[in-house]
Amino acid sequence: MRVCFIGRSNVGKSSLIKALFSLAPEVEVRVSKNPGHTKKMNFFKVGKFFTLVDMPGYGYRAPEDFVDMVETYLKERKNLMRTFLLVDSVVGIQKADDIAIEMCEEFALPYVMVLTKIDKSSKGHLLKQVLQIQKFVDTKTQGCFPQLFPVSAVTYSGIHLLRCFIAYITGNLKTN
């Protein structure tokens with residue numbers, strides 16, 4: 001079973017993955033200060049349970065073969081349980097995010113939106129972004145999970161809930 005993280009360059013994919021694995025120090029996640037550092041897909045095996053895939057960012061300094069690489073992976077991966085689309089809370093959904101959203105919708109992939117860097121937004125700005133994304137999900141998407149996950153890789157706000165959701169969708173958390 002697999003889950004993948006996709007988003008614009010510098011949205012905080014690697015930082016979020018590092019925060020998710022903070023309780024597993026044996027998993028080494030490299031984070032760069034330079035946007036567009038991840039050029040290939042990185043695979044993080046979580047025991048025998050599932051694999052988390054860190055996709056390269058799109059937009060600024062994206063690899064030239066981004067669309068081909070990611071589209072092929074998303075289309076052909078039968079054991080992909082969920083795609084996590086990361087959106088920066090400071091700037092909200094951007095034109096570049098349309099690529100990822102269209103891919104998920106076109107291939108009928110179940111996906112979830114994760115609002116990153118919530119520690120960098122004021123409460124008022126954050127509320128505005130949450131409401132805009134919620135409206136976008138309700139009116140413009142088919143396969144997007146309705147629950148938005150606001151998170152901070154710095155303060156760890158929302159990390160536990162996202163961790164639990166990933167455990168649940170990969171069959172590693174029983175609720176009954």
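Going along each chain's sequence as written, the residues are numbered from 1 onward. In keeping with the model being predicted, local features are shown solely for residues with a pLDDT of at least 70 and side-chain atom pairs are shown and tallied solely at 80 or more, while totals for entire chains, interfaces and linings include all residues. Hydrogens and waters are ignored; side-chain quantities use all the structure's heavy atoms.

As named in an unreviewed UniProt entry, the protein chain is GTP-binding protein 8, taken from Molossus molossus. UniProt positions are given in the numbering used here, feature names are shortened, and annotations may be inferred rather than shown by experiment. Checking UniProt for the protein chain, the heading Cofactor (unreviewed entry) contains the comment "Mg(2+)". UniProt annotates the protein chain under Sequence similarities (unreviewed entry) with the comment "Belongs to the TRAFAC class TrmE-Era-EngA-EngB-Septin-like GTPase superfamily. EngB GTPase family."

Colleague: Hey, could you run me through the packing of helix 1 (residues 13-20) against helix 5 (residues 159-169) in this one?
Modeller: What describes two packed helices is the angle between their axes and the distance between those same axes. Packing of helix 1 against helix 5 brings their axes to within 10 Å, and their N-to-C directions diverge by 80°. For the element pair helix 1 / helix 5, the angle class is roughly perpendicular. Contact residues: helix 1 offers Leu16, Ala19 and Leu20, while helix 5 offers Ile159, Leu162, Arg163 and Ile166. Under the convention adopted here, Pro, Cys and the residues Ala, Val, Leu, Ile, Met, Phe, Trp and Tyr are nonpolar, Asp, Glu, Lys and Arg are charged, and Gly plus all remaining residues are polar. For the contact of helix 1 with helix 5, a count of residues per class yields 6 nonpolar, no polar and 1 charged. Between N-to-C directions, angles cover 0 to 180 degrees, with each direction set by a line fitted to C-alpha atoms, over the stretch in contact for helices. In this description a helix means any DSSP run of H or I spanning at least four residues, a strand means any run of E spanning at least two, and both kinds are numbered starting from the N terminus. Just so you know how the angles are binned, under 35 degrees is roughly parallel, over 145 roughly antiparallel, 65 to 115 roughly perpendicular, and the rest oblique. The contact rule is simple, with two residues in contact once any of their heavy atoms fall within 4.5 Å.

Colleague: Teacher, can you tell me more about the packing of aromatic side chains here?
Modeller: Here a ring pair, both rings aromatic, is described through the centre-centre distance and the interplanar angle of the planes. Between the rings of Phe, Tyr and Trp (Trp by its six-membered ring), a pair exists once the centres lie within 6.5 Å; its type follows the angle of the planes, with under 30 degrees stacked, over 60 edge-to-face, and the other angles tilted. All told, the structure shown has 6 aromatic pairs when counted by the stated rule. Seen in terms of ring centroids, Phe21 and Phe44 are 5.9 Å apart; in terms of plane orientation they differ by 50°. Their pairing is tilted. One end of the pair, Phe21, is in the loop between helix 1 and strand 2 (42-46); the other, Phe44, is in strand 2, and 23 residues separate them in sequence. With respect to burial, Phe21 and Phe44 carry one shared label: buried. Here a set of aromatic residues connected by ring pairs shows up, and it is made of Phe5, Phe84, Phe145, Phe149 and Phe165. Each residue's exposure class comes from its accessible area (1.4 Å probe, protein chains only) as a fraction of the maximum for that residue type: buried when under 20%, exposed when over 50%, partly exposed otherwise.

Colleague: What is the right way to read the sheet that holds strand 5 (residues 111-116) from this model?
Modeller: What holds strands together in a sheet is hydrogen bonding between their backbones, with the strands either parallel or antiparallel. Each pair of strands is called paired provided DSSP finds at least two bridges between the two strands. Pairing within the open sheet is mixed, and its 6 strands lie in the order 2-3-1-4-5-6. Looking along the sheet, the strands with just one partner apiece sit at the ends: strand 2 and strand 6 (149-150). In this fold helix 4 (residues 123-140) packs onto strand 4 (80-88) and strand 5, with an angle of close to 165° to the strand it touches most, strand 5. In the packing of helix 5 onto the sheet, contacts are made with strand 1 (2-7), strand 3 (50-54), strand 4, strand 5 and strand 6, and the angle to strand 4 comes to roughly 160°.

Colleague: Is there a simple way to explain helix 2 (residues 66-76) in this structure?
Modeller: Because an α-helix completes one turn every 3.6 residues, residues spaced three or four positions apart along the sequence face the same direction. Considered for burial, the residues of helix 2 that qualify are Phe66, Met69, Val70, Tyr73 and Leu74. Each buried residue of helix 2 lies within a common arc of 115° when the element is viewed along its axis, so the set occupies one face. What points out from helix 2, more than 90 degrees from its buried face, is the exposed set Asp68 and Glu76. The arc in question is the one spanned by the directions pointing from the helix axis to the C-beta atoms.

Colleague: Sorry, what's going on with the nonpolar core here?
Modeller: A general tendency of soluble globular proteins is for nonpolar side chains to be buried together. Counting residues in each nonpolar core, the largest one holds 30 residues, and the members touching the most others are Ile6, Met55, Leu74 and Met113. Mapped by element, the contributors of at least two residues to this core are strand 1, helix 2, strand 4, helix 3 (97-106), strand 5 and helix 4. Top contributing element to this core by residue count: helix 2, with 5 residues. Residues within four places of Leu74 in sequence aside, it is in contact with Cys4, Met55, Leu80, Thr83, Met103, Phe107 and Leu109. Side-chain atoms within 4.5 Å are what join buried Ala, Val, Leu, Ile, Met, Phe, Trp, Tyr and Cys residues into a set we call a nonpolar core. The next biggest cluster of nonpolar side chains, apart from the first, holds 23 residues, and it includes Ile17, Val46, Phe50 and Ile166.

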